[in-house]
Amino acid sequence: MTREAARAAVLHAAGWGDAAMTPLAGDASARRYLRLTRADGARAVLMDADPATGEDVRPFRRVAAFLRGAGLSAPEVYAADDAAGFLLLEDLGDALVAREATARPGAEPALYAAAGETLAALQRHAPPADWPIATPERLAQAVAPLFTHYAPGLAPAHRDATEAALRDALEALPAEAPVPVLRDFHAENLVWLPERAGPARLGLLDFQDAVAGHPAYDLASLTRDARRDVSAEAAEAALAAWLAATGRARAETEAALALLAVQRNLRILGIFARLAGAGKPRYLALMPRVWRQLRADLAHPAAAGVARALADLPAPRSAA
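Here's what I pulled together on the structure shown here.

What counts and what doesn't
Residues take numbers from 1 onward in each chain, read along the sequence in its written order. Note on the predicted model: pLDDT of at least 70 is required for a residue's local features to be given, and 80 or more for side-chain atom pairs to be given and counted; whole-chain, interface and lining totals, by contrast, use all residues. Each side-chain value is worked out from all heavy atoms of the structure, with water and hydrogens disregarded. In this text, helices come from DSSP runs of H or I with a minimum length of four residues, and strands from runs of E with a minimum of two, each type numbered from the N-terminal end. Here the globule rule is a power law, 2.2 Å times the number of residues to the power 0.38, and the radius of gyration is based on C-alpha atoms. Each residue's exposure class comes from its accessible area (1.4 Å probe, protein chains only) as a fraction of the maximum for that residue type: buried when under 20%, exposed when over 50%, partly exposed otherwise. Only heavy atoms matter for contacts: two residues are in contact if any of them lie within 4.5 Å across the pair. Using the Shrake-Rupley algorithm and a 1.4 Å probe, accessible areas are obtained, with residue cover drawn only from the displayed protein chains. When the centres of two rings from Phe, Tyr and Trp lie within 6.5 Å, Trp using its six-membered ring, the rings pair. Their planes under 30 degrees apart give stacked, over 60 give edge-to-face, and anything left gives tilted. Cation placement over rings: the criterion is NZ of Lys or CZ of Arg within 6 Å of the ring centroid and within 35° of the ring normal. Two strands are said to pair when DSSP picks up at least two bridges between them. Interaxial angle, 0 to 180 degrees, is taken between N-to-C directions of lines fitted to C-alpha atoms, where a helix line uses only the stretch in contact.

**Remarks on the overall build of the chain**
Then, in step 1: Looking only at helices and strands, the chain features 13 helices and nine strands.
Then, in step 2: Its C-alpha radius of gyration of 20 Å places the chain within 12% of the 20 Å reference for a compact globule of 320 residues.
Then, in step 3: Here the chain holds 320 residues, and the buried ones make up 50% of them.
Then, in step 4: Put simply, 70% of the contacts in the chain that link residues at least 6 apart link residues at least 24 apart.
Then, in step 5: In the structure as shown, the chain presents an accessible area of about 14,200 Å², 54% of it carried by carbon and sulfur atoms.

**Some remarks on unusual backbone geometry**
Then, in step 1: Look at Arg 183: it is not a glycine, yet its phi comes out positive at around 80°.
Then, in step 2: Mapped onto the secondary structure, Arg 183 falls in the loop between strand E6 (179-181) and strand E7 (190-192).
Then, in step 3: Its identity as a non-glycine residue notwithstanding, Asp 206 has a phi of 55°, on the positive side.
Then, in step 4: Looking at the element boundaries, Asp 206 is found in the loop between strand E8 (202-204) and strand E9 (211-213).
Then, in step 5: Residue class for Asp 206 comes out buried when judged on its relative accessible area of 16%.

**What about the packing of aromatic side chains?**
Then, in step 1: Under the definition given, this model contains three aromatic pairs.
Then, in step 2: Where Phe 60 meets Phe 207, the ring centres are 4.5 Å apart and the plane angle is 25°; that geometry is what we call stacked. Here Phe 207 lies in the loop between E8 and E9 and Phe 60 lies in helix H2 (residues 58-69), a separation of 147 residues in the sequence.
Then, in step 3: Judged by relative accessible area, which is 4%, Phe 60 ranks as buried.
Then, in step 4: Their ring planes at 45° and their centres at 5.0 Å tell us that Phe 272 and Tyr 283 sit as a pair that is tilted. Of this pair, Phe 272 sits in helix H10 (residues 250-277) while Tyr 283 sits in the loop between H10 and helix H11 (287-298), and the two are eleven residues apart along the sequence.
Then, in step 5: Phe 272 gets classed as buried once you look at its relative accessible area, which sits at 4%.
Then, in step 6: In this structure Tyr 283 comes out as buried when scored by relative accessible area, which is 5%.
Then, in step 7: The side chain of Arg 38 reaches across the aromatic face of Trp 16, ending 4.0 Å from its centre.

**Observations concerning the sheet that holds strand E3 (residues 43-48)**
Then, in step 1: Pairing in this open sheet of five strands is antiparallel, and the strands run E1-E2-E3-E5-E4 from one edge to the other. Across the chains shown, the open sheet's two edge strands, defined by having one partner strand only, are strand E1 (20-24) and strand E4 (77-81). Put simply, the sheet's adjacent strands are angled 20° from each other on average, direction ignored.
Then, in step 2: By the bridge criterion, five bridges tie E3 to strand E5 (residues 86-90) in an arrangement that is antiparallel. Along E5, the bridge assignment pairs Asp 48 with Phe 86.
Then, in step 3: Most of the contacts of helix H1 (residues 3-14) go to E5, to which it runs at about 45°, and overall it touches E1, strand E2 (32-37), E3, E4 and E5.
Then, in step 4: Against the sheet, H2 contacts E3, E4 and E5, and its axis sits at roughly 20° relative to E5.

Keep in mind these values describe shape, not function.
Pasting the structure below:
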């Protein structure tokens with residue numbers, strides 16, 4: 001059976017066989033998304049995640065069920081074919097926080113404050129016991145794409161020194177019980193749903209790689225966005241809302257934010273370089289922003305050891 005025939009069979013069984021289909025913007029993965037619109041105006045989204053490309057829809061379904069059980073706005077799964085790699089999902093609409101903040105700059109701080117509150121609400125729930133734990137060791141090892149794809153000319157000693165410095169710095173942070181970490185909690189994966197109440201006002205997307213980890217990780221993802229410039233006012237609004245909802249200390253949080261943002265942006269530089277080399281050059285245009293954020297966070301005293309280890313890391317222009 002062809003992929004198109006398998007898709008048609010899934011849609012027919014779910015009662016969406018006659019729906020019109022419109023492609024939606026995808027992400028950095030091999031997944032594809034189609035918006036379905038029936039004659040009666042009902043809408044849904046089809047995730048096409050071909051197992052032949054290494055995709056697996058089951059993690060998305062499991063995390064979505066956890067998030068909805070926590071009272072948050074993950075898409076409802078209407079129908080699933082795990083073997084074929086199709087999910088029929090609730091359509092949360094087009095009001096991405098990234099679009100709303102660009103169209104209404106004055107609303108950006110309030111949107112980010114709402115995101116901080118939603119993140120705090122998520123973290124009141126313990127992560128499932130079978131979720132991987134993002135330990136300092138694993139976070140340090142996860143920057144490997146930086147040396148494989150972004151700066152392959154650096155000697156292996158640079159990679160070893162960077163991973164050791166990052167691991168040591170993360171281990172030096174105050175101990176924290178792991179919380180649910182969605183990993184890509186940023187404005188292009190958040191949908192503004194003002195008709196809903198409380199933390200459910202933010203629709204959640206792209207969370208299938210969730211892990212258990214440090215409470216500041218998703219806050220770093222939100223405020224150090226690789227795809228858009230987050231205003232200082234919006235970043236502060238998110239941080240302040242999260243601190244108020246969690247009761248955490250600002251100084252400790254800012255140190256953790258800097259370190260986790262360094263880890264995240266080192267990995268992102270490597271992944272963007274890999275994607276650019278695989279025929280997606282648009283990711284090159286995002287690298288200067290990631291670099292600026294990286295340099296700013298490396299200046300935090302908590303990241304001093306990592307900064308020394310990365311002294312020879314080239315800027316994006318020379319790396320490209």
